[in-house]
Structure formats: C-alpha cells, structure tokens
Amino acid sequence: MPTAPNFRSLPTNAPRTWPWVVLAALLLIAAPLASPAQPSEPAAVNAKLGAGDSIRVTVYQNPDLTTEARISPLGAIVFPMIGEVALDGLTLAEAGARIAQMLRHGKFIIKPQVAVAMLEARSRLVHVLGQVSRPGNYALEDSGSRLTDVLTQAGGISPTGADLVTVLSNRDGKSVKQEIDVPAIFRGGDPAANIQIGSGDTIFVRRAPVFYIYGEVQRAGAYRLEPNMTVMQALSLGGGLTVRGTERGIGINRRLPDGQYSKVEARLTDAVLPDDIVNVRESLF
C-alpha cells in the first residue's frame, strides 16, 4: 500500500507551491480506498400493484419496520402498527404515500418517509403459447413492454413457428385481436409495429405453414412454406429432380375450402400454397 509523504524530509527552502503537491499526493493515495458508486437498478415506477406482487416497504430511520410482503388476493398487505393496507391498483410511489399517511394519522411516526420497492411482479402477467422455446406465463417488467420483449423472455420463436403472431388483448372491456408480422418489424423499422403488451394479454405463435413434396426428387418430405414460394423453389428444397424425374410431370394436390383435394398441373413459376402436395412424376422417355 502506498505511504504518505514524509513532511519532515521536505527541504526548508522548498518552493511555496509544495503544500499543493502534498495535497495532490494525498488525494491519489486515498482514491483507491474509495468504494465505487453502485449503479441503481431500473424500477418500474409506473407499474400498478396487484394481487400476488411481492414488495419491500422501508421506513427511513425505522429499520425495525422494514417489511417484505406479498399482496393478498384482496389486494392488501398487513403492515406493523397500522394493520391492513389496501395497495391494489397503486403505483409504488402511491403505495408509499398511503402507508406514510396511515402512520402519520395513527400518530405512530410524526413525519414518516416510506419507500416501496417491487421484489417480484406476479399480478401483471402475459400468456405466451404455441411455437416458442418456453411457453408459459411471464411477468411484465414494466408498463412499456413490447411484443419483442415478451417473445425474448419466452426464448424467441422456435424454428417451427410462423412469422405471423396473434395477440389477443382486452382494452376498455373490448377484445382485440391483432396479427403481427414479426420479421417485418425489423425489415421495415417501424416502431409502431412492435405493439405494447398489457397485463392479461395472450400471445400465440402458430405453427408455420408447410408443403409436401414426393416422387422423383432427391429428398421427399415436408418443408416450411416461405412467402411467395414457387414450384421451382420447392423443388430446390427437395434437392432437385432425380435422373428419372421431369419438369413436365409436376402435379399439385391442393386442399379446397371444403376439405377435399383437387389435382392441378403445375408449372415451375406457379405459387405453392399451404398444405400443397407436390408430386414429381417419372419421365416416360
């Protein structure tokens, strides 16, 4: 550890500026001893409290009153001296003000200063279903959570998931259904397309549409249907034609609205639709 300068070793004829040099040296020695400032954690100050949320209540200069509690199904906690306090629907700041008011009116503390911090938010849940890595219920961290934020919490859309995501919301007592093209959010760069998610919303990621290919192709099977896919692109996913296959013998079995299938002779530039069954026939010559 560095040692302080020896004042007695300074010459008597030293310049008048030496006290400032000594002061600077002392500051350099003390600097490593100072503890670095700890970054403050972001808090969802505008979030509304509700049943199931866990909070910590701190009363300054009264550490014995520090309380950690979970808000009951009735929307209240039990706090020392004042008893039951209803906090449902309040922000963290409003909850602190209410507890302070009750402590003051009860003449327990003359000028209470109360802070309420969120430990675990469980009242503001969003439901994520379908083709995501981790389906389930997720707590909204703050009132500004966006669709991509929640999908990230769920591990993202799985490889079998569709680009279009369905969001079911309840706004002002009305059910609202929205279809969001997630890749388009990043292609277009429109922030409005990344909609805000609220408590109680349901996000559903359906399975991506597929088509089937069999016959004289290298790799027959089921494949993900990409937007605006043509028969030629579908053949390339199947590895192309075998030596016995022919481009003139391509047919599609297409599902009709009534559930029946219709056979269609296809060209390479024709579009492939969801659930199409592409059949590559063998060349006759």
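Since the model is a prediction, treat every value here as computed from it, not as a measurement. (Residues numbered from 1 in each chain as written. Predicted model: local features only at pLDDT ≥ 70, side-chain atom pairs only at ≥ 80, totals over all residues. Heavy atoms only, no water.)

Another point: the overall build of the protein. Secondary structure summary: the protein contains five helices and 15 strands in total. Counting every position in the protein, which comprises 285 residues, the buried fraction comes to 34%. In the protein, of all internal contacts separated by at least 6 residues, the share reaching a separation of at least 24 is 53%. In the form shown here, the protein has an accessible surface area of approximately 18,200 Å², with 56% of it arising from carbon and sulfur atoms. (Helix = DSSP H or I, 4+ residues; strand = E, 2+ residues; numbered from the N terminus. Buried < 20%, exposed > 50% of the residue type's maximum accessible area, 1.4 Å probe, protein only. Contact = heavy atoms within 4.5 Å. Areas by Shrake-Rupley, 256 points an atom, 1.4 Å probe, with all protein chains shown as cover.)

Pairing in this open sheet of five strands is mixed, and the strands run β7-β6-β10-β8-β9 from one edge to the other. Sheet topology places β7 (136-139) and β9 (174-181) at the edges, where each strand pairs with a single neighbour. When strand polarity is set aside, the average angle formed by the axes of neighbouring strands in this sheet is 20°. As defined by bridge partners, strand β8 (residues 161-171) adjoins β9 across eight bridges and the pair is classed as antiparallel. Looking at the pairing, valine 165 lines up with isoleucine 180 of β9. (Pairing = 2+ DSSP bridges. Axes fitted to C-alpha atoms, helices over the stretch in contact; angles between N-to-C directions.)

It is worth spelling out the pairing of strand β12 (residues 221-224) at this point. Where strand β11 (residues 210-215) and β12 come together, four bridges link them in antiparallel fashion. Looking across to β12, one finds that valine 210 is bridged to arginine 224. Taking the residues between adjacent antiparallel strands as the criterion, β11 and β12 are bridged by five residues.

So, about the nonpolar core. In terms of nonpolar packing, the biggest core is built from 21 residues, with Phe79, Leu87 and Ile99 touching the most fellow members. Listing elements by their share of this core, those giving two or more residues are β1 (54-59), β3 (76-79), α2 (92-105) and β5 (114-120). Residue contributions to this core peak at five residues, all from α2. If sequence neighbours within four positions are ignored, leucine 87 has contacts with Leu49, Ile55, Ile71, Gly75, Ala76, Ile77, Ala95 and Arg98. Judged by nonpolar contacts, the second largest core, of 18 residues, contains Val182, Ile185, Ile197 and Ile203. (Core = buried A, V, L, I, M, F, W, Y, C linked by side-chain atoms within 4.5 Å.)

Bridge count between strand β6 (residues 125-130) and strand β10 (residues 202-207): four bridges; the pairing is parallel. Counterpart to glycine 130 in the pairing with β10 is valine 205.

Quick look at the layout of surface pockets now. By volume, the second largest pocket is sized at about 270 Å³. Taken together, 13 residues make up the lining of the second largest pocket; nearest its centre are Asp163, Leu164, Pro209, Leu225 and Pro227. Here the lining of the second largest pocket takes three residues from β8, the largest share from any one element. Among the residues forming the lining of the second largest pocket, the class breakdown is seven nonpolar, no polar and six charged. (1 Å grid on protein atoms, 1.4 Å probe; cavity = no way out; pocket = protein on both sides within 12 Å on 5 of 7 lines; lining within 4 Å. Points joined across faces, edges and corners; volume = space filled by probe spheres on them. Nonpolar A, V, L, I, M, F, W, Y, C, P; charged D, E, K, R; others polar.)

This part covers the sheet that holds β1. Spatial strand order, β2-β1-β5: three strands in an open sheet with antiparallel pairing. The open sheet has two edge strands, β2 (67-70) and β5, and neither has a second partner. Sheet twist, expressed as the mean angle between neighbouring strand axes with direction ignored, is 25°. With four bridges joining them, β1 and β2 adopt antiparallel strand pairing. Pairing of isoleucine 55 across the sheet is with alanine 69, part of β2. Across the face of the sheet, α2 comes into contact with β1 and β5 while running at roughly 135° to β5.

Right, let's get into the confidence of the model for the protein. Looking at the protein as a whole, the pLDDT averages 83, with 82% of positions reaching at least 70. Predicted confidence for residues 1-43 stays below pLDDT 50, and this span has 11 contacts to residues more than four positions away or in other chains. (pLDDT = per-residue confidence, 0-100.)

A separate point is the pattern of salt bridges. One pass over the full model with this rule turns up 12 salt bridges. Its salt-bridge partner being arginine 281, residue glutamate 265 comes within 2.9 Å of it at the nearest N-O pair. Residue glutamate 265 is located in strand β14 (residues 261-265), and its partner arginine 281 is located in strand β15 (residues 277-282); the two are separated by 16 residues in the primary sequence. Residue classification places arginine 281 among the partly exposed positions, given a relative accessible area of 34%. (Salt bridge = Lys/Arg side-chain N within 4 Å of Asp/Glu carboxyl O.)

Next up on the list: the side chain of glutamate 216. Residue placement: glutamate 216 occurs in the loop between β11 and β12. According to the relative accessible area criterion, glutamate 216 is buried, its value standing at 14%. Of the polar contacts made by the side chain of glutamate 216, one reaches the side chain of threonine 242; its length is 2.7 Å. Setting aside residues up to four positions removed in sequence, glutamate 216 forms contacts with Gly240, Leu241, Thr242, Arg244, Gly245, Val280, Arg281 and Glu282. (Polar contact = N/O pair within 3.5 Å; in protein donor to acceptor, adjacent residues only side chain to side chain.)

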